Amino acid sequence: QEEKIFAGKVLRVHVCTMEGAEWLEEVPEDTTVEKLKERCLKHCVPGSLEDPKTVTHHKLIHATSEKVLTDTKTVLEENIQDRDVLLLVKKRAPPPLPKMTDVSAEEKRKQEQKAPDKDAILKATANLPSRSADRSVAHHSMRDFQTELRKILVSLIEVAQKLLALNPDAVELFKKANAMLDEDEEDRVDEIALRQLTEMGFPESRAVKALRLNHMSVTQAMEWLIEHADDPSVDAPLPGQTPAEATAEGGASSAEAAAGPSSEEGGEEAKDELTEIFKKIRRKREFRPDPRAVIALMEMGFDEKEVVDALRVNNNQQNAACEWLLGDRKPSPEDLDKGIDTNSPLFQAILENPVVQLGLTNPKTLLAFEDMLENPLNSTQWMNDPETGPVMLQISRIFQTLNRT
């Protein structure tokens, strides 16, 4: 009697199976889902409880909420109400573990799906006829644009000089160009930086040398001056530079530039004067080796002339110059002055281009060619120049077009 008084509420639950069986199950609220599942299995599958795994292989699902009921919870905790419908479902069996033979077969299949490597490709295509050269070989066989450009510039300078010599105003034009070159910023020294060093007590000549060696940095120049204060060669001119001669030459050229041609000069004298101006321009645009690189390479035991040649061949790149000095020294400095074959299709295509033809009549183009010839690192500024840039662009395009054919 006490059990009836203290017993929980009894619910009538409608149970269905996947096979179509249906019945009502009366179950107290405090019954666990696992116990309810046992009663259901005992009802629909007699003798199934002999295998303890049978209970775990089945699950009860609340039909309305489609929720899988938890075995350890009670009917009340799962919020099951009177007349609710529950589904008794057998769980799907987990897939069997693959056998070792199946694993090896799967790995083999994955290996077959991998992309072939270079050796496999070469082996598979060994018997095929060759239709195109290997890219790496083609890359090395391509003519180097920078090397070829130098030859092109040498030949174009000769053509430009001949064309400009026919211009009656050529002498005046190149005297102005010559005066422009006198204002080369590379030869200037930062006056403020120089004043700072001289006010510290350093001699002006040493301060100028220190600033040029240290790219106009006052701090680095001061450190260099202190470090080399007791060096006997501290006042020696920089390798490859003779300031006294440069000053004298600059003064002479400026004087000649200021003086106009006399009325007695004829056509031949004008041509001679133009030739002299060309020579002066060429001397002013001579290659300027990096002083630091010169000193560093000379400290290795190389002769100054050899070092300057190495830096000229390798565009002032110290490491490349060192390799050139230690190697077969190709190309030689003499090779740098050789022009391109004037009968070659490349040179003919360049000369036939209207933009190039027009540019060759401009003195500034000749100055650009001279500058790039002796200082390849200045090519960028001429490529960006509105007058010389289009000419350089056409030369580059023609070279690339013919190089691909």
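From a predicted model like this one, the values you see are computed outputs, not experimental measurements.

Draft legend 1. Looking closely at helix α15 (residues 304-313). Within α15, seven of the ten residues are buried, which leaves it mostly tucked inside the rest of the structure. Restricting attention to buried positions, one finds in α15 the residues V307, V308, D309, A310, L311, R312 and V313. Between the side-chain oxygen at the start of α15 and the backbone nitrogen of K305 there is a gap of 3.1 Å, and the oxygen is on D303. Of the residues one or two after α15, N315 is the one with positive phi, at around 55°.

Draft legend 2. Broad picture of the nonpolar core. Judged by nonpolar contacts, the single largest core of 25 residues is most densely connected at I152, L156, L346, I350, F369, M372 and I395. Put simply, the parts of the chain that give this core at least two residues each are α7 (145-165), α17 (345-351), α19 (363-374) and α21 (389-404). Broken down by element, this core gets its largest block of residues, eight residues, from α7. If you look at the next biggest cluster of nonpolar residues, it comprises 16 residues, including V15, V27, L41 and I80.

Draft legend 3. Structural context of the confidence of the model for the protein. The predicted model of the protein has a mean per-residue pLDDT of 75, with 70% of residues at 70 or higher. Considering only residues more than four positions removed or in separate chains, one finds that residues 1-6, a stretch of pLDDT under 50, has zero contacts. Across residues 242-265 the pLDDT falls below 50, and counting only partners more than four positions away or on other chains, this stretch makes 17 contacts in the model.

Draft legend 4. Focus on the pairing of strand β3 (residues 58-62). β3 sits mainly inside the fold: four of its five residues count as buried. Where β3 lies against strand β5 (residues 85-90), five bridges are found, and the strand directions are antiparallel. By the bridge assignment, H58 is partnered in β5 with K90. Of the pairings in the sheet, the one linking β3 to strand β4 (residues 67-68) comprises two bridges and is antiparallel in character.

Draft legend 5. Expanded view of α19. Compared with the 16 Å implied by 1.5 Å per residue over twelve residues, the 17 Å span of α19 between its first and last C-alpha is a close match. Of all twelve residues that make up α19, eleven are buried, and the element is covered over most of its length. The opening residue of α19, the one whose side-chain oxygen lies 3.0 Å from the backbone nitrogen of K364, is N362.

Draft legend 6. Structural detail: the packing of helix α10 (residues 204-213) against helix α11 (residues 218-227). Taken N-terminus to C-terminus, the directions of α10 and α11 make an angle of 120°; their axes are 8 Å apart at the nearest point. When the axis of α10 is compared with that of α11, the two are oblique. Crossing of α10 against α11: the hand is right-handed. On α11, the residues that touch R206, A207, K209, A210, L211 and L213 of α10 are V218, A221, W224 and L225. For the contact of α10 with α11, the per-class residue count stands at eight nonpolar, no polar and two charged.

Draft legend 7. Expanded view of the pattern of salt bridges. In total, this model carries nine salt bridges according to the counting rule given. Among the ionic pairs, E25 bridges to R39, the shortest N-O distance being 3.2 Å. Linking E25 in strand β2 (residues 22-28) with R39 in helix α2 (residues 33-44), this pair joins segments that are 14 residues apart in sequence. The exposure class assigned to E25 is buried, which follows from its relative accessible area of 10%. The closest approach of N and O atoms between D309 and K305, which form a salt bridge, is 3.1 Å.

Rules of the game
Residues numbered from 1 in each chain as written. Predicted model: local features only at pLDDT ≥ 70, side-chain atom pairs only at ≥ 80, totals over all residues. Heavy atoms only, no water. Buried < 20%, exposed > 50% of the residue type's maximum accessible area, 1.4 Å probe, protein only. Helix = DSSP H or I, 4+ residues; strand = E, 2+ residues; numbered from the N terminus. Polar contact = N/O pair within 3.5 Å; in protein donor to acceptor, adjacent residues only side chain to side chain. Core = buried A, V, L, I, M, F, W, Y, C linked by side-chain atoms within 4.5 Å. pLDDT = per-residue confidence, 0-100. Contact = heavy atoms within 4.5 Å. Pairing = 2+ DSSP bridges. Expected span 1.5 Å × (residues − 1). Axes fitted to C-alpha atoms, helices over the stretch in contact; angles between N-to-C directions. Parallel < 35°, antiparallel > 145°, perpendicular 65-115°, else oblique. Left-handed = near helix turned anticlockwise from the far one by under 90°. Nonpolar A, V, L, I, M, F, W, Y, C, P; charged D, E, K, R; others polar. Salt bridge = Lys/Arg side-chain N within 4 Å of Asp/Glu carboxyl O.

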